[in-house]
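Residues per chain, in single letters:
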Amino acid sequence: MGGFREWRGHRPFAGGLLLALGGAEILVTMKAPLPVILKIGMQGLAGYLLPSLMIVCGLLIIFNPAQRLFYSILGIMLSLGTWLTSNIGGFVVGLLMGAVGSTLAFGWLPDQEPRQKRSAKRAEKLSEKPSERHAAELG
């Protein structure tokens, strides 16, 4: 399980996953037995195309993080486009998941140090000698 955690830490995993899940949620609401959907083109082709592209962008963000800026901008535009084409963006839930996922992917920094757990920081601080801790606090 440690290998997956390390792999996940080197890419905007949470953003890509939220974007893909938002697209999947919108596709599920397209099958809802409500006549709410706006039909555009051939049987509402845009209603199925936009969330499908959201899923693809989410997966591309996960598996190709070097191009995350382009995919996240495309993902937010697709998410906002579902407001008109897909049951008000999957009854707003899918739209919000896609928008939050896109912004997380856009803001992800690849050179950032991985976060340490609080317990590890606390143990490190307690293991320091009192004189070193006092010197570090003074500056």
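Residues numbered from 1 in each chain as written. Predicted model: local features only at pLDDT ≥ 70, side-chain atom pairs only at ≥ 80, totals over all residues. Heavy atoms only, no water.

1. Brief notes about the overall build of the protein
Stated formally: Helix and strand labels come from DSSP, where a helix needs a run of H or I of at least four residues and a strand needs a run of E of at least two; each type is numbered from the N terminus. Burial classification: accessible surface area is computed with a 1.4 Å probe over protein chains only, and a residue below 20% of its type maximum counts as buried, one above 50% as exposed, and the rest as partly exposed. Working rule for contacts: check all heavy atoms of both residues, and any pair within 4.5 Å makes them a contact. Computed by Shrake-Rupley with a 1.4 Å probe, the accessible areas treat only the displayed protein chains as cover when residues are assessed.
Within the protein, the secondary structure is distributed over eight helices and zero strands. The linear arrangement of helices and strands in the protein, starting from the amino end, is α-α-α-α-α-α-α-α. Out of the 139 residues in the protein, the part that is buried amounts to 32%. In the protein, once contacts between residues fewer than 6 apart in sequence are set aside, the share between residues at least 24 apart is 78%. Accessible area for the protein stands at about 9300 Å²; split by element, carbon and sulfur atoms hold 67% of it.

2. Considerations on the UniProt feature "transmembrane region" (unreviewed entry) in the protein
Counted only if it meets this: UniProt positions are given in the numbering used here, feature names are shortened, and annotations may be inferred rather than shown by experiment.
The feature "transmembrane region" (unreviewed entry), as annotated in UniProt, sits at residues 12–34, 40–62, 69–85 and 91–109 in this numbering. Counting secondary structure, residues 91–109 comes out at 84% helix and 0% strand; the distance between its end C-alpha atoms is 31 Å.

3. Points about unusual backbone geometry
Unlike most non-glycine residues, Phe91 shows phi in positive territory, near 55°. Of note, Phe91 is situated in helix H5 (residues 87–91). Unusually for a residue other than glycine, Val92 sits at a positive phi of about 70°. On the accessibility criterion, Val92 (30% relative accessible area) is partly exposed.

4. Examining the environment of Leu104
When you line up the elements, Leu104 lands in helix H6 (residues 93–107). For the pair Leu104 and Gly15, spaced 89 residues apart in the sequence, the C-alpha separation amounts to 4.8 Å. Those residues in contact with Leu104, other than ones at most four positions away along the chain, are Gly15 and Leu18.

5. A look at the nonpolar core
As a reminder, the rule being used: We define a nonpolar core as any set of buried Ala, Val, Leu, Ile, Met, Phe, Trp, Tyr and Cys residues linked to one another through side-chain atoms lying within 4.5 Å.
Counting residues in each nonpolar core, the largest one holds 10 residues, listed as Leu19, Ile26, Ala46, Leu50, Met54, Cys57, Ile61, Tyr71, Leu78 and Ala105. For this core, the secondary structure elements donating two or more residues are helix H2 (13–30), helix H3 (45–63) and helix H4 (68–85). Of all the elements, H3 adds the most residues to this core, at five residues.

6. So, the packing of aromatic side chains
Test applied: A pair of aromatic rings is counted whenever rings of Phe, Tyr or Trp (Trp by its six-membered ring) have centres within 6.5 Å, and the orientation is called stacked for planes under 30 degrees apart, edge-to-face for over 60 and tilted otherwise.
Evaluation of the coordinates by the stated rule reveals five aromatic pairs. Both rings, one in Phe4 and one in Phe13, keep their centres 5.7 Å apart while their planes meet at 90°; by these two values the pair is edge-to-face. Through successive ring pairs, a cluster of aromatic residues spans Phe4, Trp7, Phe13 and Phe63.

7. Some details on H2
We count it as follows: Multiplying 1.5 Å by the helix residue count minus one yields the expected span of that helix.
For H2, spanning 18 residues, the distance from its first C-alpha to its last is 26 Å, which sits close to the expected 26 Å at 1.5 Å a residue. Along H2, the residues that are buried comprise Phe13, Gly15, Gly16, Leu19, Ala20, Gly22, Gly23, Ile26, Thr29 and Met30. Among the structural elements, helix H1 (2–9), H3, H4, H5 and H6 are those in contact with the buried residues of H2.

8. Considerations on a nonpolar patch on the surface
The condition is simple: Like charges within 9 Å and nonpolar side chains (Val, Leu, Ile, Met, Phe, Trp, Tyr) within 5 Å are joined into patches, using only residues over 30% in relative accessible area that form no salt bridge. Salt bridges are defined as contacts in which a side-chain nitrogen from Lys or Arg sits within 4 Å of a carboxyl oxygen from Asp or Glu.
A contiguous nonpolar surface patch, about 390 Å² in accessible area, is contributed by Leu45, Leu49, Leu53, Val56 and Leu60. Relative to the helices and strands, Leu60 is located in helix H3.

9. Here we look at the packing of H3 against H4
Put simply, the rule is: For helices, the fitted axis covers only the stretch in contact; all axes are lines through C-alpha atoms, and the angles between them, taken along N-to-C directions, range from 0 to 180 degrees. Here roughly perpendicular refers to angles of 65 to 115 degrees, roughly parallel to angles under 35, roughly antiparallel to angles over 145, and oblique to all remaining angles. Left-handed describes a crossing whose near helix is turned anticlockwise from the far helix by less than a right angle; the clockwise case is right-handed. The nonpolar class holds Ala, Val, Leu, Ile, Met, Phe, Trp, Tyr, Cys and Pro. Asp, Glu, Lys and Arg form the charged class, and all remaining residues, Gly among them, are polar.
Where H3 contacts H4, the axes come no closer than 9 Å and their chain directions differ by 155°. The angle between H3 and H4 places the two elements in the roughly antiparallel class. Of the two elements, H3 crosses H4, and the hand of that crossing is left-handed. Of the residues in H4, those in contact with Ala46, Gly47, Leu50, Pro51, Leu53, Met54, Cys57, Leu60 and Ile61 of H3 are Tyr71, Ser72, Leu74, Gly75, Leu78, Ser79, Gly81, Thr82 and Thr85. Residues belonging to the contact of H3 with H4 are distributed by class as follows: 11 nonpolar, seven polar and no charged.

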